[in-house]
Amino acid sequence: MAADLSVPRASARLSRACALYEDVARLKYVSGTREEALRRLGIERVGDLLSHIPFRYLDFTRAYTIESAPLGEVCTIVGTVDKVSNRPTSKPGMTLTEVFLVDESGVLKVAFFKQPWLAREFARGDRLALIGKMEFAYGFKQMASPHFEKLDGGGARAGIQPVHRVTDGISQAWMRRIASVALEQVGVFCDPVPAPLRARRQLMSLSRALRTIHFPRLMNEVQLARRRLAYDELMYLQLALRLRNDGDLLDVAPFAHKVGARVRAMREALPFALSDEQEAAVADILGDMCDAGHVMNRLLLGDVGTGKTAVACVALACAADSGNQACVMAPTGVLARQYAVKSGPLLDAAGISWALLTGSTAASERSSILERVASGALDVVFGTHAVLNDDLRFRRLSLVVIDEQHRFGVGQRNVLRGKGPGADLLVMTATPIPRTLALSVYGDLDTSIIRHRPVPGAGVSTVALESGSRDIAYGAVRDALAQGRQAYIICPMVSPQDAPEQLDDVPGLDIDESGRARQAVTLHDVETEAIDIRRLIPGARVEVLHGKMAPKAKDDVIDRFGKGEIDILVSTTVVEVGVDVPNATVMLIENGERFGLATLHQLRGRVGRGSNPGTCYVLTEVRPKRGSRSPAWERLQALAKTDDGFELAEMDLRLRHEGEILGLRQHGGVALRFVDLDADTSLIEAAHEDAEELLRYSRDLTTCATMPMRHEVIARYGDVFKEVSGG
């Protein structure tokens, strides 16, 4: 009899799982204003609602009375509002809102600064829960600007109360009520992740994780529930990336490259012997390219100056040895030209023909290049987005090289690969990426890493300065020019009109409730800076460079700077990669607080590239107050202490968390909501391994065990299976 009931029971669990995909309007209490509010929050389905997890919790299981709350510690207090008032302070324009809270043990004075509207939010008799640091002054226990929550029905719940992000039209109370209804409706449902896999990774069931994350009984359960949701996020991302990649490679014959005379000639043409790390990367790449049953998908990850170009040139020579063609795509004309300038002589020495194709290529030259590519007379094309145009047709494209992959979308990568079905892919980046980030965002690529420079240059030292000490940096620029050297000055903006109205996007800046900085901040721009430099250093040949300039104008400035016809280049971050001027020995970066460590590290790599050492001065408008910590200042101090790009990337990840290092949303719309890329290292590696195992088990996830995961991949990332099947 039990066996007869198993099928209906399984069907019930499946139907409840399907309820996650139902429109949120089908839930009780969701209509009118509340429905509109939920949709403004991006909540369209029941699953979206349950993924809208609390951002903090009020833990009433550990609440203190006012009298028993320990001083100097963060405490939870539940009390009743007795009195509310606004009063001015000694600082002009600042209003202090005072709230007196009482419980059976005493009185608590609560202060809110520059939020006078709160006086209208509270009324005598309201029950509040507060979380903040307990202090004592002027005869009262006090809290300053604590987190607070009005309690439902005038009384506190006995357990842990979640606090969700809400908007006009839906209160915290209604959000909790609707979440509770949704959880009741979906109940215990069929878990998409197979039970053996959950057991191996010690994961909660999904239904339990969703219930726990919204209404935990104990605070230590919250982390376990978040871990399950983070695993799902990573797993489905890995599956989607792999499947999308497989879709490009389905029904295509991989190229069987061979190593021949041109690879040997390329090695001889290199001005230095490859390092052990470079040799290992070459072995990885040539091994992939010469594997007749395998299409290469490899990420070459190397810090500034580690010689990725030399490794890529060996791969280009291998394609030429096989009678095929290769295409190198860079994100900017400056970088594409730099590749052509550095690689061209090596290709010439190895007997490999090449051309440069950008948006500024003359029409007659472009026509000639297109004709030679189509006939197979050209072995290698360097270019920008211009290589994606339909009129560029290769006779036999077998190798695609993409530099700074994170600046291109998945679609652009696929367009270029479509010009040579079955072509091997080599992705390169000079942005050091922590292993966890590489696994989660580039999970569809095998990885080769070069950490050290094969030929150590003179190097660069870094000095972090407060903006008031800029004369030190200006003095270094003058000294460099007197010795016949050149200098960069980097600004975050092109013109004064680019300044943001609010500064809440400045990392580490002390921002008040109105979005204004509490200390005066000057944002530097290229146009104004160039005028100032011409005045401060008379006779210096000063030019500007920024992304708003026409391609030909940018190329002209870069050429003249490289030839020594410009002394000081005032630029935005367009020089971050690819600009190689060995005679430039000094860089001054304005508003260093506005850049992440990865960008600052890339920028300083522009100096010290020749036989003379370089110095990078990073100026900041953000000054840490005495006895306080400033994240921006900490980043700059870390930059000054180490030149290891990978160490800095790990630190940037800890300080700035997901998305800000590479801009994850540029990578096919990827956004990680539950994953902590710093703390979840083992989880990221587990999800990466599990995704590969699942796809080996079922290429399109159509087995009984994997079908629920197939549906979830489609729900999150679209029907990538159509790409795999060619439908």
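The shown structure was predicted, so the numbers you read here are calculated from the model rather than taken from an experiment.

1. What to know about helix α11 (residues 308-321)
Point 1. Relative to the 20 Å expected for 14 residues at 1.5 Å per residue, α11 spans 20 Å between its end C-alpha atoms, a close match to the ideal helical length.
Point 2. Among the 14 residues of α11, 14 are classified as buried, and the element is accordingly described as predominantly covered.
Point 3. Just downstream of α11, glycine 323 is the residue with a positive phi angle, here 75°.

2. Thoughts on the sheet that holds strand β3 (residues 95-103)
Point 1. The strand order across the open sheet built from seven strands is β6-β7-β4-β3-β2-β5-β8, with neighbouring strands paired in mixed fashion. Looking along the sheet, the strands with just one partner apiece sit at the ends: β6 (135-137) and β8 (147-150). Sheet twist, expressed as the average angle between the axes of neighbouring strands with direction ignored, equals 40°.
Point 2. Pairing of β6 with strand β7 (residues 140-144), which is carried by three bridges, proceeds in the antiparallel orientation.

3. A short note on the pattern of salt bridges
When charged atoms on two side chains of opposite charge get close, those side chains can pair.
Point 1. Scanning the entire structure with this criterion turns up 34 salt bridges.
Point 2. In this structure, arginine 176 and glutamate 149 form a salt bridge, with 3.5 Å as the shortest nitrogen-oxygen distance. Here glutamate 149 lies in strand β8 and arginine 176 lies in helix α5 (residues 172-186), a separation of 27 residues in the sequence. By the burial criterion, arginine 176 is buried, and glutamate 149 matches it.
Point 3. Salt-bridge contacts for arginine 535 lead to aspartate 532; the nearest nitrogen and oxygen are separated by 3.7 Å. Separated by three residues within a single helix, arginine 535 and aspartate 532 lie in helix α17 (residues 526-536), roughly one turn from each other.
Point 4. The class of arginine 535 is exposed, set by a relative accessible area of 56%.
Point 5. According to the relative accessible area criterion, aspartate 532 is partly exposed, its value standing at 26%.
Point 6. Each of Arg200, Arg201, Glu689, Asp690 and Glu693 takes part in one network of salt bridges that share partners.

4. Some points on the state of the cysteines
Point 1. This model, assessed by the stated rule, comprises zero disulfides.
Point 2. Among the cysteines around cysteine 318, which has no disulfide bond, cysteine 290 carries the closest sulfur, lying 4.4 Å off.
Point 3. Cysteine 318 gets classed as buried once you look at its relative accessible area, which sits at 0%.

5. Considering the packing of α11 against helix α12 (residues 333-349)
Point 1. α12 packs onto α11 with a crossing angle of 50° between their chain directions and a minimal axis gap of 11 Å. Of the possible angle classes, the one that applies to α11 and α12 is oblique. α11 and α12 meet at a crossing whose hand is right-handed. Residue-level contacts link Thr309, Cys313 and Leu316 of α11 to Tyr339, Lys342, Ser343, Leu346 and Leu347 of α12.

6. Considering the packing of aromatic side chains
Point 1. Evaluated as defined, the whole model comprises seven aromatic pairs.
Point 2. Note on phenylalanine 112 and phenylalanine 148: the rings are 5.7 Å apart at their centroids and 75° apart in plane angle, and the pair reads as edge-to-face. Of this pair, phenylalanine 112 sits in strand β4 (residues 106-113) while phenylalanine 148 sits in strand β8; the two residues are 36 residues apart in sequence, bridging distant segments of the chain.
Point 3. A residue is classified by how much of its surface remains accessible, and phenylalanine 148, at 25% relative accessible area, is partly exposed.
Point 4. The interplanar angle of 75° and the centroid separation of 5.2 Å between the aromatic rings of phenylalanine 122 and phenylalanine 148 together place this pair among those described as edge-to-face. You can see phenylalanine 122 sitting in the loop between α4 (118-121) and β5 (127-133) and its partner phenylalanine 148 sitting in strand β8, a full 26 residues away along the chain.
Point 5. Its relative accessible area of 5% is what places phenylalanine 122 among the buried residues.
Point 6. Ring pairing ties together the aromatic residues Phe112, Phe122 and Phe148, which thus form one cluster.
Point 7. The ring of tryptophan 174 has arginine 34 lying over it, and the distance from NZ or CZ to the ring centre is 3.8 Å.

Cut-off values and rules
- Residues numbered from 1 in each chain as written.
- Predicted model: local features only at pLDDT ≥ 70, side-chain atom pairs only at ≥ 80, totals over all residues.
- Heavy atoms only, no water.
- Helix = DSSP H or I, 4+ residues; strand = E, 2+ residues; numbered from the N terminus.
- Expected span 1.5 Å × (residues − 1).
- Buried < 20%, exposed > 50% of the residue type's maximum accessible area, 1.4 Å probe, protein only.
- Pairing = 2+ DSSP bridges.
- Axes fitted to C-alpha atoms, helices over the stretch in contact; angles between N-to-C directions.
- Salt bridge = Lys/Arg side-chain N within 4 Å of Asp/Glu carboxyl O.
- Disulfide = S-S within 2.5 Å.
- Parallel < 35°, antiparallel > 145°, perpendicular 65-115°, else oblique.
- Left-handed = near helix turned anticlockwise from the far one by under 90°.
- Contact = heavy atoms within 4.5 Å.
- Phe/Tyr/Trp six-rings, centres within 6.5 Å; stacked < 30°, edge-to-face > 60°.
- Lys NZ or Arg CZ within 6 Å of the ring centre and 35° of its normal.

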